[in-house]
Structures are given as C-alpha cells and as structure tokens.
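What follows is the residue order along each chain.
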Amino acid sequence: MTPRPFTRTLALLFVTVVAGLPVRLVPLGLPAVVVKYGGSTLWAVMIYWIVSTLLPTRRLLIVALISGCIATAVEFFKLYHSPGMDAFRLTLPGMLLLGRYFSVWDIVAYWIAISAGALLDSRLRRMER
C-alpha cells in the first residue's frame, strides 16, 4: 500500500478534529443523537487516521481492524474506575480522549466510522496514483 502523503494526513486529522469539537462542545441545536454519535464517530475516524499514519504500508483492512480494536479497548477502559482516572475523565481532555460512560452503541459507532474512514482512505489513495 502506498503511504498517504503526510500533508494529506495532517489535513485529514485537522478536518476531523475541527468537525468533531463543535459537534460535542458548541450548542448548535443538533439532535442529541448527532451530538452523541457524531462526536464518537469522528473520534474513531481520528484514531483510524493516526493508526494508518503509523502503519503506512499495511493493508487498509489490517489498519481498520487495529483501529477498531484500539477504539473498543478505550471504550472498555471506561469500566475501570480509580479516583485519579475518574477525576481526569471529568476534565475536558479526559472527556474528549477517553469519555466517561461505557456504551456498547459507541463501539458499534466506532466500527462503522472506522469502516467509512478506511473506505474514504482507499479512494483517496487510488486518486493519488
């Protein structure tokens, strides 16, 4: 697999983060389901962009599976509680990076989003050839 140019990776990460933060933090009047799962899906796509950058020559299916496993592991990590971890989860970085509450539906959203990200990545890489 041809690695994605680093500048394109930075652009994809930037667009994903810039789209995700307002969905979660700015009262745009969006339906609650969009606020909840929009942020979750964009977070998962961000994980995909990072993993695909760290493993640039791997097949996209492998990158997507690794990304999905990371996102799922982070979701299950929400079941772990300690005073320090719970305090961190109440901060803005903790909320954005780790989240606060475990949800199986978040895992579903992550896998759908990562699949869509891999499909987009595949098309972008074909356009580069």
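In short, a report on the structure. Just so it is clear, the structure is predicted and the values come from calculations on it, not from any experiment. (Residues numbered from 1 in each chain as written. Predicted model: local features only at pLDDT ≥ 70, side-chain atom pairs only at ≥ 80, totals over all residues. Heavy atoms only, no water.)

### Looking at the overall build of the protein
We count it as follows: A helix here means a DSSP run of H or I that spans at least four residues, while a strand means a run of E at least two residues long, and both kinds are numbered starting from the N terminus. Partly exposed describes any residue whose relative accessible area lies between the buried limit of under 20% and the exposed limit of over 50%, with all areas from a 1.4 Å probe on protein chains only and scaled to the type maximum.
Looking only at helices and strands, the protein features 6 helices and 0 strands. Secondary structure elements of the protein occur, N-terminal to C-terminal, as α-α-α-α-α-α. If one aligns the C-alpha atoms of the protein with their principal axes, the spans along those axes are about 50 × 30 × 25 Å. Buried residues in the protein amount to 36% of all 129 residues.

### Examining the layout of surface pockets
Regions of empty space are outlined by a rolling probe, equal in size to a water molecule, passed over the atoms. Note the following rule: Points on a 1 Å grid, built from protein atoms alone, make a cavity when a 1.4 Å probe fits but cannot get out and make a pocket when they are open with protein on both sides within 12 Å along at least 5 of 7 lines; residues with an atom within 4 Å of a point are the lining residues. Grid points are joined across faces, edges and corners, and a volume is the space filled by probe spheres set on the points.
A volume near 530 Å³ is recorded for the largest pocket. Residue lining of the largest pocket: 25 residues in total, with Arg24, Gly39, Trp43, Met95 and Leu96 positioned closest to the centre. Put simply, the parts of the chain that give the lining of the largest pocket at least two residues each are helix H1 (6–25), helix H2 (32–54), helix H3 (60–77), helix H5 (92–97) and helix H6 (104–128).

### A few points about the nonpolar core
One recurring pattern in soluble globular proteins is that nonpolar side chains are buried together. Selection rule: The criterion is simple. A nonpolar core is a set of buried Ala, Val, Leu, Ile, Met, Phe, Trp, Tyr and Cys residues joined through side-chain atoms within 4.5 Å. In what follows, a contact means two residues having at least one pair of non-hydrogen atoms within 4.5 Å.
The biggest cluster of nonpolar side chains holds 21 residues, and the ones touching the most others in it are Trp43, Ala44, Tyr48 and Ile114. Going through the elements one at a time, H2, H3 and H6 are the ones with two or more residues in this core. Apart from residues no more than four positions distant in its own chain, isoleucine 114 is found in contact with Ala44, Tyr48, Ala64, Ser67, Gly68 and Ala71.

### Some remarks on the environment of proline 56
Note that proline 56 resides in the loop between H2 and H3. What makes proline 56 partly exposed here is its relative accessible area of 28%. Between the C-alpha atoms of proline 56 and alanine 87, which are 31 residues apart in sequence, the distance is 35 Å.

### Re H6
Stated precisely, the cut-off is as follows: A helix is expected to span 1.5 Å for every residue after the first.
With 25 residues, H6 should reach 36 Å at 1.5 Å per residue; the first-to-last C-alpha distance of 36 Å fits that figure. Regarding H6, the residues found buried are Asp106, Ile107, Ala109, Tyr110, Ala113, Ile114, Gly117, Ala118, Asp121, Leu124 and Arg125. Buried residues belonging to H6 abut H1, H2 and H3.

### A few points about the pattern of salt bridges
To be explicit about the condition: Any carboxyl oxygen of Asp or Glu within 4 Å of a side-chain nitrogen of Lys or Arg constitutes a salt bridge here.
All told, the structure shown has 5 salt bridges when counted by the stated rule. Residue aspartate 86 is joined to arginine 89 by a salt bridge in which the shortest nitrogen-to-oxygen separation is 3.1 Å. One end of the pair, aspartate 86, and the other, arginine 89, are both in helix H4 (residues 83–89), 3 residues apart, so they sit about a helical turn from each other. Taking relative accessible area as the criterion, aspartate 86 reaches 28% and is therefore assigned partly exposed. The salt bridge partner of arginine 125 is aspartate 121, with a shortest N-O separation of 3.0 Å.

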